[in-house]
Amino acid sequence: MSQPRAEKGMRLQRSSRDTSTLIPHLTEWLSAQLPAGAEPDVTLRSGIDSNGMSAETMVLQLNWTEAEAVRSADLIARMVPAPGDFPVLENYNLPDQFDAMRIVAESSEVPVPRVRFIEPTGDVLGTPFLLMDRVDGLVPPDVMPYTFGDNWLFDATPEQQSRLQHSTIEVLAELHAIPDAATTFAFLDPRQPGSSPLERTLRRAERWYEFAARDSGKSALVERILVWLSANLPDTSSGETVLSWGDARIGNCMYRDFTPVAVLDWELATIGPRELDLAWLIFAHRVFQTIANTYGLPGMPEFLRAEDVTATYRAHSGVQIGDLTWYTLYAALNYCVVFMRSGGRQVHFGEMERPDDIEILFHHRSLVEELLADLGA
């Protein structure tokens, strides 16, 4: 049975940055952020490269003196990639991410790491960064996908898998219950043309595709999706606007005892219908299930099924979810762009040859084609 390249110990490269040169600059900068006489000492523990492609991430330990006592904190540094390192996103807005996480923590019981510091200019480390508390927990792996087996989630009991599924959906319901989201999180409304937050969010995704296509070439499949999404944009004028996490998948959560302890990765956060997150959660698993099936593996077909997700969400939120077709295809669009950029990054770092057809990189291609065929698009 053939296996994907990552099976052979591949570690996807995120950065060409020499992290050893960052610590002295970071230490000096923290001296000005902490109380006088803090004398910070920063130790680089490791980088994180198992999940996520968008930001460079480092694990740090910070020791300092405050009120005549020695303090210590384990921190995560998230840095905007250097322009020459083939960034996944065209625009990184760390202040918006920082503020979103801060407000969510202040306004709800959703478990987000405490954000401590932000440097938005790039003058200190070459690109902007933020520092947040490190949370201990387990993350469902992306490489290899958790649906491939031989990992803590796949090997869990059905009861444990059900607990993870239900508790994750409960967190989404809690997130969407933050009141007056349209005003509180207005800064997340994409700065794009459109008559509604949803249309502006779609235009943001379209701009992201155009950014990816400049390097990788255009995709006929993506452009078919865009035509259908634009022609079938839902009327959301009478619906509720909530905070949308934007990348609602279990691979962006940390778990303890199969319950979320940290909701991570807020780069795509926006405001709009709650269906955005529900469809994304379901589709993200379908992508990994499709990849498993491609390699002849059983995967986890009973996990995160649409009917189960929507029923659980209704039980926790009291809200009946509408049709998810549009939102599912929107998630498919974004996954196409993710694969364009992540595959392009592998080409950039010499981990694979540049393909003649960019759609070869779409690991969910068969799933997208099936969705479009069902819609006659």
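All values reported here derive from a predicted model rather than from experimental measurement. (Residues numbered from 1 in each chain as written. Predicted model: local features only at pLDDT ≥ 70, side-chain atom pairs only at ≥ 80, totals over all residues. Heavy atoms only, no water.)

Caption draft 1: Looking closely at the confidence of the model for the chain. Summing up the model confidence of the chain, the mean pLDDT is 92 and the portion of residues at 70 or higher is 93%. Every residue in residues 1-13 is under pLDDT 50, and counting partners more than four places away or in other chains gives 27 contacts. (pLDDT = per-residue confidence, 0-100. Contact = heavy atoms within 4.5 Å.)

Caption draft 2: Structural detail: the pairing of strand β3 (residues 69-79). Looking at chain direction, strand β2 (residues 56-66) and β3 are connected through 11 bridges and run antiparallel. If you follow Thr57 over to β3, its bridge partner there is Arg78. Turn length for the β2-β3 hairpin, with the two strands adjacent in sequence and antiparallel, is two residues, and the turn residue Ala67 shows positive phi of about 55 degrees. Relative to strand β5 (residues 129-133), β3 runs antiparallel, the two being bridged by five bridges. Counted as the bridge partner of Leu75 is Asp133 from β5. (Pairing = 2+ DSSP bridges. Helix = DSSP H or I, 4+ residues; strand = E, 2+ residues; numbered from the N terminus.)

Caption draft 3: How the structure looks around helix α8 (residues 306-317). Across its 12 residues, α8 extends 16 Å between first and last C-alpha, which sits within 8% of the 16 Å expected from 1.5 Å per residue. Of all the positions in α8, only Val309, Thr310, Thr312 and Tyr313 are classed as buried. Buried positions in α8, seen along its axis, are confined to an arc of 165 degrees and lie on one side of it. The inward-facing, buried residues of α8 abut α3 (158-176) and α7 (275-294). Looking one or two places after α8, you find Gly318, whose phi comes out positive at around 75 degrees. (Expected span 1.5 Å × (residues − 1). Buried < 20%, exposed > 50% of the residue type's maximum accessible area, 1.4 Å probe, protein only. Arc of directions from axis to C-beta.)

Caption draft 4: Quick peek at the pattern of salt bridges. Under the criterion given, the structure shown has 23 salt bridges. The salt bridge involving Arg116 is made with Asp133; its shortest N-O contact spans 2.4 Å. Of this pair, Arg116 sits in strand β4 (residues 115-119) while Asp133 is found in strand β5, placing the two residues 17 residues apart along the sequence. When salt bridges that share partners are traced, they join Arg203, Glu206, Arg207 and Glu210 into one network. (Salt bridge = Lys/Arg side-chain N within 4 Å of Asp/Glu carboxyl O.)

Caption draft 5: Broad picture of the packing of aromatic side chains. Scanning the entire structure with this criterion turns up 15 aromatic pairs. With centroids separated by 6.2 Å and ring planes inclined at 45 degrees, the aromatic side chains of Phe185 and Phe187 adopt a geometry described as tilted. Summarising the aromatic geometry, the rings of Phe283 and Tyr335 are spaced 5.9 Å apart at their centres and angled 65 degrees between planes, so their arrangement reads as edge-to-face. In this pair, Phe283 sits in helix α7 while Tyr335 sits in helix α9 (residues 325-348), placing the two residues 52 residues apart along the sequence. For the pair shown, Phe283 and Tyr335 are each scored as buried. Among the aromatic residues, those joined into a ring-pair cluster are Trp280, Phe283, Trp326, Tyr327, Tyr330, Tyr335 and Phe339. Positioned over the ring face of Phe86 is Arg341, at 3.8 Å from the centre of the ring. (Phe/Tyr/Trp six-rings, centres within 6.5 Å; stacked < 30°, edge-to-face > 60°. Lys NZ or Arg CZ within 6 Å of the ring centre and 35° of its normal.)

Caption draft 6: Structural context of the environment of Trp280. Along the chain, Trp280 turns up in helix α7. It is 15 Å that separates the C-alpha atoms of Trp280 and Thr312, two residues lying 32 residues apart in sequence. In this view, Trp280 contacts Gly246, Asp247, Ala248, Leu268, Tyr330, Ala331, Asn334 and Tyr335; residues no more than four positions away in its chain are not counted.

Caption draft 7: Structural context of the side chain of Arg345. The topology assignment puts Arg345 in helix α9. Salt bridges are absent for the buried Arg345, whose nearest opposite-charge side chain, Glu56, sits at 6.4 Å. Among the polar contacts listed, one links the side chain of Arg345 to the backbone oxygen of Phe86, at a separation of 3.1 Å. (Lys, Arg positive; Asp, Glu negative; His and termini not counted. Polar contact = N/O pair within 3.5 Å; in protein donor to acceptor, adjacent residues only side chain to side chain.)

Caption draft 8: A look at the packing of α3 against α7. Packing of α3 against α7 leaves a shortest axis separation of 11 Å and a crossing angle of 160 degrees. As judged from the angle between their axes, α3 and α7 are roughly antiparallel. α7 is crossed by α3, and the crossing has right-handed handedness. Contact with α3, carried on its side by Thr168, Ile169, Leu172, Leu175 and His176, involves Asp277, Leu278 and Leu281 of α7 and no other residues of that element. Tallied by class, the residues present in the contact of α3 with α7 amount to five nonpolar, two polar and one charged. (Axes fitted to C-alpha atoms, helices over the stretch in contact; angles between N-to-C directions. Parallel < 35°, antiparallel > 145°, perpendicular 65-115°, else oblique. Left-handed = near helix turned anticlockwise from the far one by under 90°. Nonpolar A, V, L, I, M, F, W, Y, C, P; charged D, E, K, R; others polar.)

Caption draft 9: Highlighting unusual backbone geometry. The linkage connecting Val143 with the following residue, Met144, adopts the cis geometry, with an omega of -10 degrees. With respect to the helices and strands, the residue Met144 is situated in the loop between β5 and α3. Even without glycine at this site, Phe258 takes up a positive phi of about 65 degrees. With respect to the helices and strands, Phe258 occurs in the loop between β7 (253-256) and β8 (259-263).

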